[in-house]
Amino acid sequence: MKYPDFQIDWLRAFVAVVDAGSLSAAAPMLHRSQSAVSMQIKKLENALGKPVLVRGPRHMEITAAGTELLSYARRMLELQAQTHAALFGIQLEGRIRLGVPDDYATTYLAPVLRSFASRHHGVEIELTCEQSTSLIPKVGRGDLDLALVSRDKPQRGKLLFQEPLVWVGAPQFEVWRKTPLPIAVYESGSMARTETIAALAAKRRAYRVVYHSASLTGQVAAVESGLAVAVLTRCSVPASLQPLHNLPKEFELPALGTMNVALLRSKASQRSRAVDAMYEQFVHTLGT
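Residues numbered from 1 in each chain as written. Predicted model: local features only at pLDDT ≥ 70, side-chain atom pairs only at ≥ 80, totals over all residues. Heavy atoms only, no water.

Trainee: Please give an account of the state of the cysteines that cites residues and values.
Mentor: Applying the stated rule across the entire model yields zero disulfides. In this structure C129 is not part of a disulfide, and its nearest cysteine sulfur, from C235, lies 13 Å away. Take C129: its relative accessible area is 37%, and that puts it in the partly exposed class. By relative accessible area, which is 19% here, C235 ends up buried. (Disulfide = S-S within 2.5 Å. Buried < 20%, exposed > 50% of the residue type's maximum accessible area, 1.4 Å probe, protein only.)

Trainee: Lay out the environment of H212 with the relevant residues and their values.
Mentor: Here H212 lies in strand β8 (residues 207-212). Measuring from C-alpha to C-alpha, the distance between H212 and S188 comes to 8.6 Å, with 24 residues separating the pair along the chain. Filtering out sequence-adjacent residues up to four positions away, H212 remains in contact with V185, Y186, R193 and Q219. (Helix = DSSP H or I, 4+ residues; strand = E, 2+ residues; numbered from the N terminus. Contact = heavy atoms within 4.5 Å.)

Trainee: How would you sum up the domain arrangement of the protein chain? Please name residues and give values.
Mentor: Its domain assignment divides the protein chain into domain 1 (8-88), domain 2 (94-154 + 261-286) and domain 3 (162-260). For domain 1 and domain 2, the distance between their C-alpha centroids amounts to 25 Å. At the junction of the two partners, domain 1 supplies nine residues and domain 2 supplies seven residues. Summed over the shared surface of domain 1 and domain 2, the number is one salt bridge. The closest approach of N and O atoms between D19 and R114, which form a salt bridge, is 2.6 Å. (Domains from an automatic or database assignment. Salt bridge = Lys/Arg side-chain N within 4 Å of Asp/Glu carboxyl O.)

Trainee: Can you lay out the pattern of salt bridges for me, pointing to particular residues and giving the numbers?
Mentor: Enumeration according to the criterion identifies 11 salt bridges in this entry. Between E174 and R177 there is a salt bridge; the shortest N-O distance is 2.6 Å. Relative accessible area serves as the criterion here: at 44%, E174 is assigned to the partly exposed category. Taken together, the shared-partner salt bridges in this structure form one network comprising D9, R12 and R32.

Trainee: Account for the nonpolar core, naming residues and giving values.
Mentor: By size, the foremost hydrophobic cluster in this structure holds 55 residues, and its most contacted members are Y104, L148, W167, L232, L241, F282 and L286. Of the domains in this structure, domain 2 (94-154 + 261-286) and domain 3 (162-260) are the two that each give at least three residues to this core. Core analysis: the second largest hydrophobic core is formed by 21 residues, A13, V17, I41 and V52 among them. (Core = buried A, V, L, I, M, F, W, Y, C linked by side-chain atoms within 4.5 Å.)

Trainee: If you had to explain helix α3 (residues 34-48) to someone new, which residues and values would you point to?
Mentor: Over its 15 residues, α3 extends 21 Å from the first C-alpha to the last, a length consistent with the 21 Å expected when each residue adds 1.5 Å. If you check which residues of α3 are buried, you get V37, Q40, I41, L44 and E45. Along the axis of α3, the buried positions cluster into a sector of 135 degrees, meaning they face one direction only. Opposite the buried face of α3, by more than 90 degrees, sit the exposed residues S35 and N46. Where α3 is buried, its residues contact α1 (8-20), α2 (23-30), β1 (53-55) and α4 (64-88). Count one or two residues on from α3 and you reach G49, which has phi positive near 85 degrees. (Expected span 1.5 Å × (residues − 1). Arc of directions from axis to C-beta.)

Trainee: Mind laying out the side chain of E45, listing which residues take part and the relevant values?
Mentor: Position of E45 among the secondary structure elements: in helix α3. No salt bridge is formed by the buried E45; its nearest oppositely charged neighbour, K42, is found at 4.3 Å. Beyond its immediate sequence surroundings of up to four residues, E45 is in contact with K50, P51, V52 and L53. (Lys, Arg positive; Asp, Glu negative; His and termini not counted.)

Trainee: Kindly report on the packing of aromatic side chains, identifying the contributing residues and their values.
Mentor: Using the criterion set out here, one finds three aromatic pairs in the structure. Look at Y104 and Y108: their rings are 6.2 Å apart centre to centre, the planes differ by 65 degrees, and that puts the pair in the edge-to-face class. With Y104 and Y108 both in helix α5 (residues 102-119) and four residues apart, this pair spans about one turn of that helix. According to the relative accessible area criterion, Y108 is buried, its value standing at 16%. Aromatic side chains Y108 and F161 sit 4.4 Å apart centroid to centroid with 45 degrees between the ring planes, which places their arrangement in the tilted category. Of the two residues, Y108 sits in helix α5 while F161 sits in strand β6 (residues 158-169), which places them 53 residues apart along the sequence. (Phe/Tyr/Trp six-rings, centres within 6.5 Å; stacked < 30°, edge-to-face > 60°.)

Trainee: I'd like to hear about unusual backbone geometry, residue by residue, with values.
Mentor: The linkage connecting T179 with the following residue, P180, adopts the cis geometry, with an omega of -5 degrees. With respect to the element layout, P180 can be found in the loop between β6 and β7 (181-185). Phi angles above zero are rare outside glycine, and R204 is one such case at about 60 degrees. Position of R204 among the secondary structure elements: in the loop between α7 (191-203) and β8. Owing to a relative accessible area of 80%, R204 belongs among the exposed residues under this scheme.

Below you can see the structure in the form of structure tokens.
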């Protein structure tokens, strides 16, 4: 019996969509159009004879056949990357001190690290998860080599993409009906906190801060328990919370802006080839 040949480009597209959650998010990671990525998935499914992805309410969802294929696809891509590195690449060693806020870690950091680690096994990565307001000065002092942050100044670092801010609440608690509006916010100095309070002030919506924390986990817990509503980056909204769109007119919440997400690099790391490679991986994977 002749079995189908799963082309590496099909598998790369499949893994990228699983990691990114959607065709549109995977397209820039692959440097292809959304329609081209969709076509690669279709070719894979035709060869397999089964769907590997289906459209869910919020993102693409993997099927049983896709789940079975995924681990093999990752291993094949990793083996290809290792082969390229062994035959054509430079063997890198050393340590990279990397910083990223909690809300960007799962969605954006995971695919970067996965691609980097598959090719550079000799590099040790030391990860710090803190808010951007803490990470930015650490890069300036040389305590971190690289950091993915919400940009606080227009020219700081290399702009990679924009991340929308959204109001969120727990569906079982209509906290948005309360006056003053109870809100959970990040620590003083946080750009998301500043944006939240400025938006409420512009709309003249009365509010009171009932919870503040530098932790994303703390923000989510406060909202899930019905204490407050909060403003989160769209990528960090868990399934347990819902964006507060289409509220009754008298309870509408003010429009919010976006976070400019940038990559910062310390001056002290400029001669590190390992940091060079990680920087290029961030730009290749997340740059628009």
